[in-house]
Structure formats: structure tokens, C-alpha cells
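Residues per chain are reported as follows:
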2 protein chains.
Amino acid sequence: MQFFKVKTVEETFALIAEQVPAIKQTETRALDKALHYILAEPVIAEENVPGFDRSTVDGYAVRAKDTYGSSESMPGFLALAGEVHMGEVPTMTVSSGTAVYVPTGGMLPAGSDAVIMIEHCEDVEDLLNTYKQVAPGENVIRKGEDIREGEILLAAGTKLRPQELGALASLGITHVTVFRKITAGYLSSGDEIVPYQTETLQVGQIRDINYLTIAGLASDWNVEVVYGGIVKDDFAEFQQKAFELYQQCDCLILSGGSSVGAKDYTTDVIQSLGDPGVFVHGISIKPGKPTILAVADGKPVIGLPGHPASAMIIFKLFGERILRTLTGEVLGRKPERIFAKITKNIPSSPGRSDYIRVRLFEQDGDWWAEPIIGKSGLITTLVKSDGIVEISSEKEGVSQGEYVPVIPSR
Amino acid sequence: MQFFKVKTVEETFALIAEQVPAIKQTETRALDKALHYILAEPVIAEENVPGFDRSTVDGYAVRAKDTYGSSESMPGFLALAGEVHMGEVPTMTVSSGTAVYVPTGGMLPAGSDAVIMIEHCEDVEDLLNTYKQVAPGENVIRKGEDIREGEILLAAGTKLRPQELGALASLGITHVTVFRKITAGYLSSGDEIVPYQTETLQVGQIRDINYLTIAGLASDWNVEVVYGGIVKDDFAEFQQKAFELYQQCDCLILSGGSSVGAKDYTTDVIQSLGDPGVFVHGISIKPGKPTILAVADGKPVIGLPGHPASAMIIFKLFGERILRTLTGEVLGRKPERIFAKITKNIPSSPGRSDYIRVRLFEQDGDWWAEPIIGKSGLITTLVKSDGIVEISSEKEGVSQGEYVPVIPSR
């Protein structure tokens, strides 16, 4: 077996950015089926939003300068010259000394440049008393103020959140070109691993719970996980099952077998899938050291440690970056870490990144992170946790009260 | 129309907690179809996890006291007495002065109480040199250490994240009793509102983009939104459509028509649906003041402001609490707000809560929140934003550099 030097977390992040490609295939999707998909092309606005000057309040369209000097004690007076209805193009004009009623969202009549709120006026037999002055543009959204015709509204690689869908819809866009949904094949290995549905365990058997945690996390990143079953510790069978699944999917996830044990075929299986092959074999991290990352003929391969809790943390840390990059998303804008104060000193070896499960609580306007006691292999420590504190490799630990980065678990 | 006093945000939160019920109906779901569902019953562990003492490393099962005093310079010596294979119940016993190889996850043989890592030993012709001492329990997960038979693993009202699914699976649980998925009917009103798919707008028309933003947000809370179409400003039609949709769904969302305009039938329509009716009519908040919240015969009704950006913020703030409560989730554990330093002074009126769209960026180990310029009606301000800063009603604004709570938008 080829010899690999253990990488730091930071080196691993850099290698992922360098090695993992984005999927190339795109598809057209209707907006109401495009949530969480990634734009494959920039979207350029082909019209102004709004398409006309609109009132943002219920009030009266006026010439702003007609209201200058109006106050509670010295009201101004304007002649009422009609009413704009919603969804109607007003035919009247606001001339000097007149006002026209406009509802919220209504179109401003020609001649007006501001709206005075209904609360700041009084209609006394078609003479409008104005108790406040308004500036030009006040309570108005100008044509094109939200989106201007010709501007790049959204860049390629943008993840479509609800607000992006809303902005696209406001332009009359009904379909978008997005990267197609990716699939990740999941394969477990190990003589002791049995399907999680197994009712009664033989002594020595372990249920394959990683499938549920991995598929659950992946679905949050809009990735579908294809279950490939469990292979025994047999190189030929492992290699064949891995190859079949790898061919069906855009990414391969291998669970178990990444410890330096006698039956560790994982590296050889991964190396057999394609070039350039393994780029990370072992990460200086706790928990999760025996992690393998590879790219084989353009498809990422993730070899997870077998411990359920370690596997989940590794998959959240590195799998998320790998899969989101593969979906075509341009990463970086969304905050993935928040800051909280740590409740106690935690020592850490320099050169190694530590990930500590914590409970979060709010006190005096600050978030506090309280480490959860329990060995790293315990899945219940993740159940009890609200997030994971990151102690990066250059630190020798953290001190009580220090701000530390936390990756929240939703 | 009944007269309602505007509520503060804090009063509104309290009223939601008091008024909104949880859905009663439950269903049984397989674990791999239960992600993001809410447990309807507590789960009690019926077995120990792990079911046997397991090694957490590749190494040798020993009696810890046999290693006491071992060091690099003064190694101890143990006789090798066999090897445990994964998935096998060991038949040998570790007696004083002996050691047995155990792989990661393997079962400890009787007599042993610790595992010494393979890296800290050397096998010299069946005589094991030990270069480090181990304490009892070291590198071992005890039977029941993760989950103990009889303990309450998860409480009713828990949202099933990937780690909860993993913990359930590790117990051999394959199905769970959860609250059924809820549906929310969405109905738009307004003469000027046209379907968002409308290609060319008549002047004065506005595309119904709220459906996309609202349905998108709701899907993140595992709520399905049923599109009820658009009704004109006609009381009878509005009432009938609202009633039909209300009967089909577990919750009703009304978009538009909640401004104090001449055509505001929303309150009357809501009041006609059932008792106790409206409990919030107007919130002291910017943006989104004209918000209506009600419960009619056990079903929540949400009257959103028509402005797309306001509607989204209101729905995120109040709709999320209402819908998640309705799904049966016990709220409170997940951090919904993070803290960031604000980049500039922002004034605010005491008695009113302000919600400011911000871009988040990291600098010197802190998150900073930079307000986005733009009127509150602009959907693009939400597209540009990474979150919303909350200035609560008792504050008169925030000062540059002050920590402020931020609701991140994923």
C-alpha cells in the first residue's frame, strides 16, 4: 500500500477545493420545483421591478414640495383629485395643490413624486389637511428600484433560497437552468455490520446506522443517497460492489473499514476506481483520523471512519464541502460557523484539529458552548449536542470564556 | 370592524405560545422516511448500546494493571493469547500477563478491561512489548455506555435530525410514531395580483411571488403548502375560497389585503372562519406592521402583509413559530439567533421592533453584520442578505460595534 502523510484539516479543505469538480450536467426546472437547486447560468433581468412607480403605504400621492412646512400645528391644504384603485393605471394627473388617494402597492399618478401616509392627513369634505411634510420619493418605490433591467440578478453557482425564487418570479421568470440533482452511493463494509433493520443482534454484530445519518445530512444539501448495501471483508466482493455503485452515482461514500486494521481493503478499492485517486489518507483530527478522500475519474470518493459519531462529524465537515462543490454551488457566503463562549478550558494538541460536541445556551446576550461529556464513539453525544466546537490545528486548546467557532447542527 | 390594539413582538410571541395548538394526529413511519418529523411519543431504550464491551481502537485487550509502569524506555511484556475477529464472540479469556488482539469495534474478551493501541506495542514473536500504560476502561466503550436499557432516549416533541435517526437505529428501532405532516393553504387576494407565471404584466399588475417564498420557507419546516390561487377584492368570493382552503388544510396563510385599505376584507374573512378568531391585529414591527394572526377552531390563520420582503420576514419570524408548534415540535433548543457586531449605528423607536437585513462577514474571529441599503419592500434586499438583525422593542437603536442578535437566512 502506498504511504500517505496525514493532512491537517486546513490542508484537507484546500485539497478539496483543488480536487473536487462541479457536476456539468444541467436541467431546466420550474421555479416551484427549484428550491435548493444551484443556478448553472447567471440570470440577467429583462425587465424593471417594479415596472412602475408604486406607493409603499396607504396614502395620498402628492407633489412633495406642496407639503413643505406642513405640521400638526400648521397643516397644509390640498384639493382631492380622485382615487387610484389597485391594479389600475391612473388616468388623472397630480397637479400643483392637488392630491390623489393611492393604496399600498398602487401606481402613482403622473405628476406626483411622493406619498403622504393616510395617518398624517385628514380628508375634510374633499379638502385634504396635511399634518406632515414628505420628501420627494418618500413612501414610493421607483420603477426599477428593486431590480433594474439588464443587471445580473443572480450569479451562476447561487443556491436558490426562497428569496431567490421570489426575485426570479418577480421578473416573470418561470423556469431556470440548474445543475441536476446529484446522487451519492453509500456502501458499508465489515463482517460485523448488519442492516439497521436487524431486530435481534448476534453478539459482535453492529447495526449499519451510518446510512441513516449520512443520507439524512446529504438530503439537507439536496443530495440523494443510494443505498448500496453491506459487503463482507472480502476484497473482490468489496471492489466489485464499490465499482458498480460508483458507476451508477456521482459520488461514492464508503463506511467502515478505514481503520488501519488487517482487513482494511478500502484504500486499495478506492485506488482501483480511477485516477488521480486518493488525495487524503488520514487527517490530523479528533475524532475521525482514519478518513480517506479521493477523486476517481471526476467522481469524489469519501472513505468514512466506522464510528457513527466520527463518521457524522467527518461527513459534516468534509462531506458537506465535497458534495456542495459537486452540486455546482459556489461556497463561501453562508456562515457555517457561529461564535460562542466556551464554558471550560479544553486542552488540544497543536497540529491536530479537535471537534468537541457542545450544548448551546444563551445568557446575557451571548451564546455559550458547554462541552458534552462522553466518548467520541457515542451517538448519543450527537443527539445531546446543538453543535460542534472547532479547535483548529494551530491552537493549543481554548480557555474558559474564549470565543470559539461552532458548527451548529440543525 | 372590531378594534385591536397593536401588539409588541414579545407579546405576539407569548400569544402564539398560548394560542397555537399542536396537531393531534400521528402516524407510523419507517426511519428512512422520518427525517425532520416530530416524535409523538417518547422513545425508551429496550436494549443496551453497545450490547457488549467494544474496543474503540485497533489494539490489544489487556488487564490494565498489567501495563502499569510500561514506558518507551521500560516496556512491559505480555504473552499474546490470540486474536478477536470482527463480528465474532471471543472464546478465549485474558488472564494476567496475556493480551489478545482486538480490531476497532471488536468485542472485548472476558477478563480484559482496557485496550492498548497497536501504535503503543510491538509484537516480537508472540511476546507483546507494551510502551505505554493504560487505565481501566481506556479505549473501550462499555456495554450500555451509549444508551442504557430503560432510559428515555428521546422525548415527545423532538425533531428527528440525522443523529436522532442514527440513535434510534442503533437500538434496532425501525419505525417511529410521529405527528403527521401538516399542510398549509395559501391564498392571495387583490385585484392587482396575477399568477407569478404571467409572462407580460399589464401596468398596475403584480406577480404573486409570495407563494414561492412562503412555500419555500415552509418546506424547510417540513410543511407542505397547498396553493389556493388568487381571489379578487370581493368579500363573498374571498370568504368562500378561504373557507374551502381552510377546511382542506391544517393552517391557512393569506397574502395581501392586510393593509388598512378600503378593500381590507381579510379580518372579517378570518373572523368568519371560527373561534376564538383574531388574537393579533397589527404588530409594532418594521417591516410588517399589518400582520394578522388568528386561531379558528384549532387551526392557525396567518394574514401576511402584501410586500414580498415584509411577508417573508413576518413569515420567518411568526409563521415559523406557528407552524413548528403546529407540527408538534417542542421549540426552544435550537439556536435561532446568532450574535454579530453591527457595523454602524442604527436608530430605532422604543416600543417597536426593527428587523434590518444584513450581510454577514467574518473578521478577526467575529461575525459582523452590515446593514443592506434599500427600502423594505425590495425583494432584492433579501437576496443580498445573509440574515436579519433584530432590534427589540425596548431598545432605542444599536451602536456601532455592539453585539446584536441575527436570524440567519439559510
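Keep in mind it's a predicted model, so treat the numbers as computed, not measured.

Cut-off values and rules
Residues numbered from 1 in each chain as written. Chains lettered and ligands numbered in written order. Predicted model: local features only at pLDDT ≥ 70, side-chain atom pairs only at ≥ 80, totals over all residues. Heavy atoms only, no water. pLDDT = per-residue confidence, 0-100. Contact = heavy atoms within 4.5 Å. Pairing = 2+ DSSP bridges. Helix = DSSP H or I, 4+ residues; strand = E, 2+ residues; numbered from the N terminus. Axes fitted to C-alpha atoms, helices over the stretch in contact; angles between N-to-C directions. Least-squares fit on C-alpha atoms with pLDDT ≥ 70 in both. Salt bridge = Lys/Arg side-chain N within 4 Å of Asp/Glu carboxyl O. Polar contact = N/O pair within 3.5 Å; in protein donor to acceptor, adjacent residues only side chain to side chain. Nonpolar A, V, L, I, M, F, W, Y, C, P; charged D, E, K, R; others polar. Parallel < 35°, antiparallel > 145°, perpendicular 65-115°, else oblique. Left-handed = near helix turned anticlockwise from the far one by under 90°. Domains from an automatic or database assignment. Buried < 20%, exposed > 50% of the residue type's maximum accessible area, 1.4 Å probe, protein only.

Peer 1: What am I meant to see in the confidence of the model for chain A here?
Peer 2: Note that predicted coordinates carrying low pLDDT should not be read in detail. Averaged over every residue, the pLDDT of chain A is 90; the share at 70 or more is 96%. Note on residues 258–263 of chain A: pLDDT is under 50 here. Beyond four places in sequence and across chains, it has 19 contacts.

Peer 1: What exactly am I supposed to notice about the sheet that holds strand S21 (residues 299–304) of chain B here?
Peer 2: Sheets are built from strands that pair by backbone hydrogen bonding, the pairs being arranged parallel or antiparallel. Residues and elements named next belong to chain B. The six strands lie next to each other as S16-S13-S17-S21-S20-S18, forming an open sheet whose pairing is mixed. At either margin of the open sheet sits one strand with a lone partner, and together these are strand S16 (223–231) and strand S18 (276–281). Neighbour to neighbour, the strand axes of the sheet diverge by 20° on average, direction disregarded. Examined bridge by bridge, strand S13 (residues 182–189) and S16 share seven bridges and lie parallel to one another. Counted as the bridge partner of alanine 184 is valine 225 from S16. Packed on one face of the sheet, helix H5 (residues 266–273) meets strand S17 (251–255), S18, strand S20 (292–296) and S21 and runs near 145° to S18.

Peer 1: Looking at this structure, I do not really get the relation of the copies chain B and chain A. What am I missing?
Peer 2: Two chain copies here: they are related by a rotation about an axis and a translation along the same axis. In the superposition of chain B on chain A (RMSD 0.1 Å, axial shift 0.0 Å), the rotation amounts to 180°. Seen this way, the second copy is the image of the first under a two-fold rotation axis. Closest approach to the rotation axis among the C-alpha atoms of chain B is made by isoleucine 338 of chain B, whose C-alpha sits 3.4 Å away.

Peer 1: Just to check I follow, could you spell out the interface of chain B and chain A for this structure?
Peer 2: By a widely used convention, the size of an interface equals the accessible area lost when the partners come together. Counting residues at the interface gives 86 residues for chain B, matched by 84 residues for chain A. Our enumeration of links across chain B and chain A arrives at two salt bridges. With a closest N to O distance of 3.3 Å, glutamate 47 of chain A and arginine 207 of chain B form a salt bridge. For the interface between chain B and chain A, the tally reads 21 residue pairs in polar contact (both at pLDDT 80 or more). It is helix H2 (residues 162–170) of chain B that provides the largest number of residues to the side of chain B that touches chain A, a total of eight residues. Across the side of chain B that touches chain A, the residue classes break down as 37 nonpolar, 27 polar and 22 charged.

Peer 1: Would you explain the packing of helix H4 (residues 235–248) of chain B against H5 of chain B in this entry?
Peer 2: The axes of two packed helices give the description: the angle between them and the distance between them. All names here are of chain B. Taken N-terminus to C-terminus, the directions of H4 and H5 make an angle of 45°; their axes are 10 Å apart at the nearest point. Classified by the angle their axes make, H4 and H5 are oblique. Seen from above, H4 lies across H5 with right-handed handedness. Of H5, the residues touching H4 (which contributes Phe235, Phe238, Gln239, Ala242, Phe243 and Tyr246) are Thr266, Asp268, Val269, Ser272 and Leu273. Of the residues contributing to the contact of H4 with H5, the split by class is seven nonpolar, three polar and one charged.

Peer 1: Just checking my understanding: could you explain the environment of proline 75 of chain B for this structure?
Peer 2: Residue and element names in this part refer to chain B. Inspection of the secondary structure puts proline 75 in the loop between strand S4 (59–62) and strand S5 (76–83). A C-alpha to C-alpha distance of 86 Å links proline 75 and glutamine 240, two positions 165 residues apart in sequence. Residue contacts for proline 75: discarding those within four places in its chain leaves Ser70, Asn129, Thr130 and Tyr131.

Peer 1: Can you walk me through the domain arrangement of chain A in this structure?
Peer 2: Taken as a whole, chain A is organised into domain 1 (9–24 + 181–326), domain 2 (26–47 + 148–179), domain 3 (54–141) and domain 4 (338–408). The straight-line distance from the C-alpha centre of domain 2 of chain A to that of domain 4 of chain A is 38 Å.

Peer 1: In this structure, what is going on with the sheet that holds strand S6 (residues 98–102) of chain A? I would like to understand it.
Peer 2: Residue and element names in this part refer to chain A. With mixed pairing, six strands are arranged side by side in an open sheet as S7-S4-S6-S5-S9-S8. Of all strands in the sheet, those bounded by a partner on one side alone are strand S7 (114–117) and strand S8 (121–124). Taking the axes of each pair of neighbouring strands and ignoring which way they run, one obtains an average angle of 40° across the sheet.

Peer 1: Please clarify how the pattern of salt bridges should be interpreted in this entry.
Peer 2: Pairs can form between side chains of opposite charge once their charged atoms are near each other. One pass over the full model with this rule turns up 26 salt bridges over all chains. The salt bridge partner of glutamate 329 of chain B is lysine 159 of chain B, with a shortest N-O separation of 3.9 Å. Of this pair, glutamate 329 of chain B sits in the loop between helix H6 (308–326) and strand S22 (338–342) while lysine 159 of chain B sits in the loop between strand S11 (152–154) and H2, placing them 170 residues apart in sequence. The two residues glutamate 329 of chain B and lysine 159 of chain B agree in class, both being buried. Ionic pairing is found between glutamate 320 of chain B and lysine 316 of chain B, a salt bridge with its closest N-O pair at 3.0 Å. In this pair, glutamate 320 of chain B and lysine 316 of chain B both sit in helix H6, four residues apart, roughly one turn of the helix. For glutamate 320 of chain B, a relative accessible area of 5% puts it in the buried group. Overlapping salt bridges bring together Lys159, Lys316, Glu320, Arg324 and Glu329 of chain A as one network.

Peer 1: How should I be thinking about the pairing of strand S8 (residues 121–124) of chain B in this particular structure?
Peer 2: Within a regular strand, the side chains alternate between the two sheet faces. Residue and element names in this part refer to chain B. Where S8 and strand S9 (residues 127–130) come together, four bridges link them in antiparallel fashion. Bridge pairing links cysteine 121 to threonine 130 in S9. Here S8 hands over to S9 after two residues, with glutamate 125 in that stretch at a positive phi of 50°.

Peer 1: Can you walk me through the environment of serine 112 of chain B in this structure?
Peer 2: Residue and element names in this part refer to chain B. With respect to the helices and strands, the residue serine 112 is situated in the loop between strand S6 (98–102) and strand S7 (114–117). Assessed through its relative accessible area of 10%, serine 112 is described here as buried. Along the backbone, serine 112 and alanine 99 are 13 residues apart, and their C-alpha atoms lie at a distance of 8.2 Å. Setting aside residues no more than four positions away along its own chain, serine 112 makes contact with Ala61, Val62 and Val94. At a separation of 2.8 Å, a polar atom in the side chain of serine 112 contacts the main-chain carbonyl oxygen of proline 109.

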